[in-house]
Amino acid sequence: MYEIKYHPLVEADLKELNHSIRLEVFKKLKKIQQTPEIGKPLGNKNNMNLTGLFKVYVAKKQVRIVYEIIENILVVKVIAIGKRESMEVYKQADERR
């Protein structure tokens, strides 16, 4: 099983979500921890190079979890959690990388 590590700003991302969506995020994170390959690979999005990152949907595709898999130490690092509106979650992931 992989260890989950969080970017320091992910806590703020979670605080922006309502309680029920936050619970869904944590359930999905448990699934990612067991099988990180469930996410879809990201590439270039709006001139942002997100190669090497993955995304999964939560809350009927309203929220995305963006993460990277670090195979050599069995870690999944969560980079950003948020809504896709205006590509915001992807912009955060690009900046935080």
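Above this text you will find the structure in question.
The rules we used
- Residues numbered from 1 in each chain as written.
- Predicted model: local features only at pLDDT ≥ 70, side-chain atom pairs only at ≥ 80, totals over all residues.
- Heavy atoms only, no water.
- Buried < 20%, exposed > 50% of the residue type's maximum accessible area, 1.4 Å probe, protein only.
- Helix = DSSP H or I, 4+ residues; strand = E, 2+ residues; numbered from the N terminus.
- Arc of directions from axis to C-beta.
- Contact = heavy atoms within 4.5 Å.
- Core = buried A, V, L, I, M, F, W, Y, C linked by side-chain atoms within 4.5 Å.
- Salt bridge = Lys/Arg side-chain N within 4 Å of Asp/Glu carboxyl O.
- Patch = residues over 30% accessible without salt bridge, like charges linked within 9 Å, V, L, I, M, F, W, Y side chains within 5 Å.
- Areas by Shrake-Rupley, 256 points an atom, 1.4 Å probe, with all protein chains shown as cover.
- Lys, Arg positive; Asp, Glu negative; His and termini not counted.
- Charge placed at Lys NZ, Arg CZ, Asp CG, Glu CD.
- Expected span 1.5 Å × (residues − 1).

Student: Can you walk me through helix α3 (residues 88-96) in this structure?
Tutor: Note that an α-helix has 3.6 residues per turn; residues three or four places apart therefore point the same way. Considered for burial, the residues of α3 that qualify are Val89, Tyr90, Gln92, Ala93 and Arg96. The arc that holds every buried residue of α3, seen down its axis, measures 160 degrees, which confines them to one face. Looking at the buried side of α3, the elements it contacts are α1 (10-15), β3 (44-45), β4 (48-49), β5 (53-58), β6 (63-70) and β7 (75-83).

Student: Where do I start with the nonpolar core in this structure?
Tutor: Side chains that are nonpolar tend, in soluble globular proteins, to be buried together. Residues Val25, Ile65, Tyr67 and Ile81 are the most contacted members of the largest nonpolar core, which totals 20 residues. Not counting residues up to four positions away in its chain, the partners in contact with isoleucine 81 are Val10, Asp13, Leu14, Leu17, Val25, Val63, Arg64, Ile65, Val89 and Gln92. By size, the runner-up hydrophobic cluster in this structure holds 11 residues, among which are Leu42, Leu50, Leu53 and Ala93.

Student: When you look at unusual backbone geometry in this model, what are you seeing that I'm missing?
Tutor: It is generally the case that most residues other than glycine have a negative phi and that most peptide bonds are trans. Here alanine 59, not a glycine, exhibits a phi torsion of approximately 60 degrees, which is positive. Mapped onto the elements, alanine 59 comes out in the loop between β5 and β6. The residue lysine 60 is not glycine, and still its phi comes out positive at about 55 degrees.

Student: Can you walk me through the pattern of salt bridges in this structure?
Tutor: Any two side chains of opposite charge can pair, given that their charged atoms come close. Following the criterion strictly, the structure yields two salt bridges and no others. Ionic pairing is found between aspartate 13 and arginine 96, a salt bridge with its closest N-O pair at 2.6 Å. On the criterion of sequence distance, the pair formed by aspartate 13 in helix α1 and arginine 96 in helix α3 is long-range, its members being 83 residues apart. In terms of burial, aspartate 13 and arginine 96 fall into one category: buried.

Student: Sorry, what's going on with a negative patch on the surface here?
Tutor: Together, Glu16, Glu88, Asp94 and Glu95 give the surface a local cluster of negative charge. Within the fold, aspartate 94 resides in helix α3. Using a relative accessible area of 32% as the deciding quantity, one classes aspartate 94 as partly exposed.

Student: Can you walk me through helix α2 (residues 19-34) in this structure?
Tutor: Over its 16 residues, α2 runs 23 Å from end to end, which matches the ideal 22 Å to within 8%, given 1.5 Å per residue. In this fold, the buried residues of α2 make contact with β1 (3-6), α1, β5, β6 and β7.

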